[in-house]
Amino acid sequence: MQDYLDRVKRALADLELDEISPLLQEALDAGIPASALLEAMSAGMEMVGERFEAGDYFLADLVLAGEEMKEGVEVLKPHLSAGDIGGRGTVVVCTVRGDIHDIGKNLVCTMLRSAGFNVVDLGVDVPAERVVEAVRANSAAAVGLSVLLTTMVGSIGEVVEALKESGLRDSVKIAIGGACTTPELVERYGVDALGRDAVEAVRIFSGWAS
Amino acid sequence: MADQHDRVLAALELREPDRVPVMDLMNEFPVANAILDRGPNPLHRLIIDERLAPVLDQLFARLPTAALTDREMEQLTRRGAAAAVRMGYDAAWLTCFPVLRFRSSKVMTDIFGRLCDVSIDASGNLVNPIYREGLIKSPDDWRVWPKRDILRLPEKVHRVFQEVQREYGGRLFIFGFGNYGIFENTWQPLGFERFVVAARKEKDFLRRMISFHADLHCLLIEAMADAGVPAFVHTDDLAYRSGPMLSPRLIEELFGDHYRRIAETAHAQGMKILFHSCGNTTTLLPSMVDWGFDAVHPLEPTAGVALAEVKRTVGDRVCIIGNIDVSHVLVEGSREEVEAAVRSAIRDAGEGGGFILAPDHSLPNISVDRLRWMVEAAHRYGTYPREG
């Protein structure tokens, strides 16, 4: 069993896109539990994150790893139970109103899922009210807001205000990220953290989850 | 006192001019209109009128909109030049990018395969459309993609730049921009995820696309040279705030030789060529020098680019352009903050010449007052020889 788990972890970490699906199928056929294979993939993603932070991997490599993870989860999905996925809590993620850039947002969603979070991805150009609804409906513990356009940073404030008005602000942590986000915006809008990239985002949400 | 052309050329050739030249990117109607004391264009007013949206949706779905959008783009080029001269800039990045087509009052496509949202600012100006996704999903999509409009681009750009160069070239050093770079024109019509997977599994397909776009760039350069434009902008966002989007090895493998060919084409025409890439480009700058570009822009401080470090590492081989922040300083900064940013940039990059002061992007919400403060500060603190 350990041999399969090591191979899965390595295939993910080494970005072997063509290998992952057949390898997972082979492992399932050999009787390896899907939940253990999912954990091995998550461990591989962690290595991807480490290599990114060390400067050995780049944004495209994170995206490729994300695609690999999605492909792998599709293979495992029929064999997983509800409790195997998203056990670390729920995070609502979106690109804010007025902005439709989604590369960074998608990457954060994939990396958070692989790190064991249940991610509610609201998509792009999302008004503040929808964030509030999603937080309430999913009992989310945290919110991730992505914004690339300088002209739309005010939408961050709208989400913060809407969460305050709904009485939910004290029960959720908010992180922001994207090309135009700065420490000044964290202070201006009273959010809790700023993530420079998807790997840092995982670290921030993991810190809050623990 | 040197004229604008000599001043900018000296900086591009890494010599000391009489003072640090000032340049701006004239890519947005709101800023050009504000400088020229003009309101939004009538067409823009029509597009934002919600009552007319159903009519426009019908019209745009049935009729070709190229004449409409191309005319708007030509107006931006002319208006940008007039605004740059009024501001007293030494140089301007002028855009003539007649590639957009309305599909409805809310959606545009471009001739390369991007789907974008129409974007209108608070005062009713049409601003740069916002990229949503790519329309080319497969090698077959690209094979049958209509290229006639793309191939007409050099001719259209030539006509507009010839006129603008003739009218404004004596008072403004023009950097001509007529197309997105070969990386952006490849990945955006595909979508980034699709591009990344193709870079692993379908390199020949990507190479065909990249080669096509590089050929087009060379034709555009020749068209601008023929129009008398002295410099060409190659804009390709290779980086984002944390660093390069692709590994430098993959960039070199897929794009390196094409960048060299593009730079060589400009030089063969007697033009200078600028490489623009947003994001933290620090680790890519030596490659840009190696590819043969004369200048690099914008060296964003908010992406973590340290200007003094750039000057130290590549400043003896390439002209440095930019570095004045548009996320805060040129939007809402105080006069003192604008002056401090200008002085800091000149201190870090001005020594010995080879530096052109410019905003680090063009955005519709940049304040004209702050741009004026930037110019005044550059004139006050940017004279050569520098004080020890």
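### Topic: the sheet that holds strand E8 (residues 231-235) of chain B
All names here are of chain B.
Here comes step 1: Spatial strand order, E1-E2-E7-E8-E11-E12-E13-E14: eight strands in an open sheet with parallel pairing. A strand with exactly one partner marks an edge of an open sheet, and here the two such strands are strand E1 (23-26) and strand E14 (355-359). Between one strand axis and the next, the sheet turns by 25° as a mean value, whatever way the strands run.
Here comes step 2: When strand E12 (residues 295-297) meets strand E13 (residues 319-324), the two strands line up parallel, connected through two bridges.

### A look at the sheet that holds strand E2 (residues 118-121) of chain A
Residues and elements named next belong to chain A.
Here comes step 1: Ordered by their spatial adjacency, five strands build an open sheet running E2-E1-E3-E4-E5, and the pairing between neighbours is parallel. Edge positions in the sheet fall to E2 and strand E5 (193-195), since each has one partner strand and no second. The average angle at which neighbouring strand axes cross in this sheet is 25°, direction not considered.
Here comes step 2: As defined by bridge partners, strand E1 (residues 90-95) adjoins strand E3 (residues 142-146) across five bridges and the pair is classed as parallel. Along E3, the bridge assignment pairs Thr95 with Ser146.
Here comes step 3: Set on the sheet, helix H5 (residues 103-114) makes contact with E1, E2 and E3; between it and E2 the angle comes to about 160°.

### A short note on unusual backbone geometry
Excluding glycine, residues mostly have negative phi values, and the peptide bonds linking residues are mostly trans.
Here comes step 1: Cis rather than trans, the peptide bond between His297(B) and Pro298(B) has omega equal to 5°.
Here comes step 2: The step from Tyr384(B) to Pro385(B) runs through a cis peptide bond, and the omega angle for that step is 0°.
Here comes step 3: If you trace the backbone, Pro385(B) turns up in the segment after helix H17 (368-381).
Here comes step 4: At Ser139(A), a position not held by glycine, the phi torsion is positive, near 50°.
Here comes step 5: Within the secondary structure, Ser139(A) sits in the loop between helix H6 (128-138) and E3.
Here comes step 6: Owing to a relative accessible area of 62%, Ser139(A) belongs among the exposed residues under this scheme.
Here comes step 7: Positive phi outside glycine occurs at Asn323(B), with the angle close to 85°.

### What about the interface of chain A and chain B?
Here comes step 1: Contacts between the two partners involve 27 residues from chain A, matched on the other side by 26 residues from chain B.
Here comes step 2: A buried area of about 2400 Å², summed over both sides, lies between chain A and chain B, and 61% of it is on carbon and sulfur atoms.
Here comes step 3: A per-residue breakdown of the area chain A buries against chain B is headed by Phe58(A), Ile100(A) and Arg196(A), which together make up 26% of the total.
Here comes step 4: Of the charged contacts in the structure, one is a salt bridge between Arg188(A) and Glu332(B), with a shortest N-O distance of 2.9 Å.
Here comes step 5: In this structure, the connection of chain A to chain B is made through 12 residue pairs in polar contact (both at pLDDT 80 or more).
Here comes step 6: Counting residues per element, the ones that place at least two in the side of chain A that touches chain B are helix H4 (59-76) and H5 of chain A.
Here comes step 7: The dominant element in the side of chain A that touches chain B, judged by the number of residues it contributes, is H4(A), at five residues.
Here comes step 8: By residue class, the composition of the side of chain A that touches chain B is 14 nonpolar, seven polar and six charged.

### Here we look at helix H7 (residues 154-165) of chain A
Residue and element names in this part refer to chain A.
Here comes step 1: Under the 1.5 Å per step criterion, the end-to-end length of H7 is 17 Å for 12 residues, consistent within 8% with the ideal 16 Å.
Here comes step 2: Those residues of H7 lying buried are Ser155, Ile156, Gly157, Val159, Val160, Ala162 and Leu163.
Here comes step 3: In this structure, the buried side of H7 is in contact with H6, E3, strand E4 (173-177) and helix H8 (183-189).
Here comes step 4: Positive phi shows up at Gly167, right after H7, with a value of about 80°.

Definitions and limits used
Residues numbered from 1 in each chain as written. Chains lettered and ligands numbered in written order. Predicted model: local features only at pLDDT ≥ 70, side-chain atom pairs only at ≥ 80, totals over all residues. Heavy atoms only, no water. Pairing = 2+ DSSP bridges. Helix = DSSP H or I, 4+ residues; strand = E, 2+ residues; numbered from the N terminus. Axes fitted to C-alpha atoms, helices over the stretch in contact; angles between N-to-C directions. Contact = heavy atoms within 4.5 Å. Buried < 20%, exposed > 50% of the residue type's maximum accessible area, 1.4 Å probe, protein only. Buried area = accessible area lost by both parts, 1.4 Å probe. Salt bridge = Lys/Arg side-chain N within 4 Å of Asp/Glu carboxyl O. Polar contact = N/O pair within 3.5 Å; in protein donor to acceptor, adjacent residues only side chain to side chain. Nonpolar A, V, L, I, M, F, W, Y, C, P; charged D, E, K, R; others polar. Expected span 1.5 Å × (residues − 1).

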